[in-house]
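Structural overview for review
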Amino acid sequence: LSKNGKVWLPNLKCIEESLEDFNTIITEYFDVSLVSDSMENPLFLATEDVEEQLLLCPDNLTNKTQIKPLLAHSTQPFYVLTLKKNRNQPSTPQRSKKRN
């Protein structure tokens, strides 16, 4: 993840449950928020730019077809996880301690 990078996740029940299950760990490193404006999501925005080309593909997957299940779940279709700036993170991954 880049220094100012963000993780974008769809707001679906399975994602919501995982965020709840791992809330303690996730919130140690990330600020988690819901986003109402889909155009804030860089992938959503990029997909809008190529919609004409996507319509030429057999599956016809566009933002319009993919946003429906997200909006059926919530008016805030995306979670964004932003790396906390005040967190002293180790420069290398930490190995878990061996259990006895």
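Attention here is on the structure that accompanies the text. Owing to the predicted nature of the structure, the values given are computational and were not obtained by experimental measurement.

Structural notes on the overall build of the protein chain
- Check the secondary structure of the protein chain and you find five helices and three strands.
- The order of α-helices and β-strands along the protein chain, N terminus first, is β-α-α-β-α-α-α-β.
- Burial status across the protein chain gives 24% buried among its 100 residues.
- For the protein chain, restricting intrachain contacts to residue pairs at least 6 apart in sequence, the fraction spanning at least 24 positions comes to 74%.
- Element-wise, carbon and sulfur atoms account for 54% of the exposed surface of the protein chain, whose accessible area totals about 8000 Å².

Re the pattern of salt bridges
- Counting across every chain of the model gives two salt bridges.
- The closest approach of N and O atoms between lysine 64 and glutamate 51, which form a salt bridge, is 3.4 Å. Note that lysine 64 is positioned in helix H5 (residues 63–73) and glutamate 51 in helix H4 (residues 51–54), a separation of 13 residues in sequence.
- Note on glutamate 51: relative accessible area 18%, which makes it buried.

Considerations on the environment of threonine 27
- Along the polypeptide, threonine 27 turns up in helix H2 (residues 23–29).
- The sequence separation of threonine 27 and leucine 81 amounts to 54 residues, and the corresponding C-alpha distance is 9.0 Å.
- Not counting residues within four places of it along the chain, the set of residues in contact with threonine 27 comprises Val32 and Lys84.
- One polar contact links the side chain of threonine 27 to the main-chain carbonyl oxygen of asparagine 23, over a distance of 2.6 Å.

Structural notes on the side chain of serine 74
- When you line up the elements, serine 74 lands in the loop between H5 and strand E3 (78–83).
- Looking at serine 74, its side chain comes within polar contact range of the side chain of asparagine 11, at 3.3 Å.
- Within the structure, the side chain of serine 74 is placed 3.0 Å from the backbone nitrogen of glutamine 76, a separation counted as a polar contact.

Here we look at the packing of aromatic side chains
- In this structure the tally under the stated criterion is two aromatic pairs.
- Between tryptophan 8 and phenylalanine 78 the ring centres are 6.2 Å apart and the planes differ by 80°, which places this aromatic pair in the edge-to-face class. You can see tryptophan 8 sitting in strand E1 (residues 6–10) and its partner phenylalanine 78 sitting in strand E3, a full 70 residues away along the chain. No difference in accessibility class separates tryptophan 8 from phenylalanine 78, as the two residues are buried.
- A centroid spacing of 6.1 Å and a plane angle of 70° characterise the contact between phenylalanine 44 and phenylalanine 78, whose relative ring orientation is edge-to-face. Of this pair, phenylalanine 44 sits in helix H3 (residues 42–49) while phenylalanine 78 is found in strand E3, placing the two residues 34 residues apart along the sequence. Considered together, phenylalanine 44 and phenylalanine 78 belong to a single accessibility category, that of buried residues.

Conventions we followed
Residues numbered from 1 in each chain as written. Predicted model: local features only at pLDDT ≥ 70, side-chain atom pairs only at ≥ 80, totals over all residues. Heavy atoms only, no water. Helix = DSSP H or I, 4+ residues; strand = E, 2+ residues; numbered from the N terminus. Buried < 20%, exposed > 50% of the residue type's maximum accessible area, 1.4 Å probe, protein only. Contact = heavy atoms within 4.5 Å. Areas by Shrake-Rupley, 256 points an atom, 1.4 Å probe, with all protein chains shown as cover. Salt bridge = Lys/Arg side-chain N within 4 Å of Asp/Glu carboxyl O. Polar contact = N/O pair within 3.5 Å; in protein donor to acceptor, adjacent residues only side chain to side chain. Phe/Tyr/Trp six-rings, centres within 6.5 Å; stacked < 30°, edge-to-face > 60°.

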